[in-house]
Amino acid sequence: MTQKRLLGAYAHPDDEQGVSGLMHKYAREGAEVTLICATRGEAGQVAPGVSATSETLGQVREAELRCAAEKIGIRNVYFLDYRDSGMLGSPENNDPRALWQANVLEVAEKLTRLIRRHQPHVILTFDPQGGYGHPDHIKVHQAALIAYLVADDARVFPEHITREGLSPWAVSKLYWNAFPRRRIEQYVKLAQLAGLDLGVPLQEFLKRAVPDEAITTRIDVAEFVDVKLSALFCHASQMDPNSIWNKIPAEMRRVALSTETLIRAESRVVVADAIETDLFVGIE
Ligand SMILES: [Zn+2]
């Protein structure tokens, strides 16, 4: 392989945090890292003390993502310009500009174009549950799976080839972000010990957590925890000082951040049964 190329397909500024350590690790080794963010997170809650209105939040969060991308070493950042759909059941779900309202093939076409342009060996995205069930995460998951399956087929979205000069591209591997049950149970226990309300996302994560045996891939990013934290702190508008995350003891957080876990969902190269510690293993 002349140059390793890695592409992440996510929905909101800060979704990249689950893989920021491994993106940084590969970027440092010279890999080209590309991040696609389908929305600007306009429907997120604004942390106290941050000056952003519902009109300006998209701009603020775009700048926060660009700050994080620079710290991580992400070379290319693309927004697909959909609107954040908000949590399931919120009125924002029905906004015609919302990602949740978009045709999944339309989203897949945009992802396929960027795959054909950047020719990544590896793609990372959400699992079928969208992590904790956010509608935008589910939509990106569906579109990324379709894009992985069709990007090497010149008959699909042929205008990319005939009109835009791109070539079909076979991505070698597709991964889901995965949150193993044991780790989430640790967070829940800590929260309960501290007498904290679990909050909806943590409850949802727990309900949908994957069994630890389902994890195929563990990337050790312990030496990059400080980089991960500096990228995380770029997302100031999302950093609620009262969140459970901020009440977890710092040492515990450091341990939690030192490994990134994934599920290898698809592969066009031969893979071993053993747990992988490198995303590019098996790729020529
Ligand atoms: Zn998200």
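You'll find the structure just up there.
Just so we're clear, the structure is a prediction, and the values are computed from it rather than from any experiment.

Q: I'd love a proper account of the coordination of the zinc ion, names of residues and values included.
A: The coordination sphere of the zinc ion, as far as protein atoms go, consists of His12 (ND1), Asp15 (OD), Asp15 (OD) and His137 (NE2), spread over 2.1 to 2.7 Å. Classification of the site at the zinc ion as irregular follows from its 4 donor atoms and the range of 53 to 127° in their angles at the metal.

Q: Can you lay out the pairing of strand β6 (residues 217–220) for me, pointing to particular residues and giving the numbers?
A: Because side chains alternate across β6, one face comprises the buried residues Thr217 and Ile219, and the other comprises Arg218 and Asp220, none of which is buried. The sheet contact formed by β6 and strand β7 (residues 259–267) spans 4 bridges and is antiparallel. Looking at the pairing, Ile219 lines up with Glu260 of β7.

Q: Account for the sheet that holds strand β1 (residues 5–10), naming residues and giving values.
A: An order of β3-β2-β1-β4-β5-β7-β6 is seen for the 7 strands of this open sheet, with the pairing classed as mixed. Strands with a single pairing partner mark the edges of an open sheet, and in this sheet they are β3 (76–82) and β6. Averaged over all pairs of adjacent strands, the angle between strand axes in this sheet comes to 25°, irrespective of strand direction. Where β1 lies against strand β2 (residues 32–39), 6 bridges are found, and the strand directions are parallel. Paired with Gly8 across the two strands is Leu35, which belongs to β2.

Q: Talk me through the state of the cysteines; I want residue IDs and the actual numbers.
A: In this structure the tally under the stated criterion is 1 disulfide. The disulfide partner of Cys67 is Cys234, and the gap between their sulfur atoms is 2.0 Å. Between Cys67 and Cys234 the disulfide shows an S-S torsion of about -60°. By sign, it is left-handed. Of this pair, Cys67 sits in helix α2 (residues 57–72) while Cys234 sits in the loop between α9 (225–233) and α10 (244–247); the two residues are 167 residues apart in sequence, bridging distant segments of the chain. Judged by its relative accessible area of 30%, Cys67 falls in the partly exposed class. The class of Cys234 is buried, set by a relative accessible area of 8%. With no disulfide of its own, Cys37 lies 14 Å from the sulfur of Cys234, the closest cysteine sulfur. Under the relative-accessibility criterion, Cys37 is labelled buried at 1%.

The rules behind these values
Residues numbered from 1 in each chain as written. Predicted model: local features only at pLDDT ≥ 70, side-chain atom pairs only at ≥ 80, totals over all residues. Heavy atoms only, no water. Donors = N, O, S within 2.8 Å, 3.2 Å for Na, K, Ca; no water. Tetrahedral: all angles 85-135°; square planar, octahedral: opposite > 155°, others 65-115°. Buried < 20%, exposed > 50% of the residue type's maximum accessible area, 1.4 Å probe, protein only. Helix = DSSP H or I, 4+ residues; strand = E, 2+ residues; numbered from the N terminus. Pairing = 2+ DSSP bridges. Axes fitted to C-alpha atoms, helices over the stretch in contact; angles between N-to-C directions. Disulfide = S-S within 2.5 Å.

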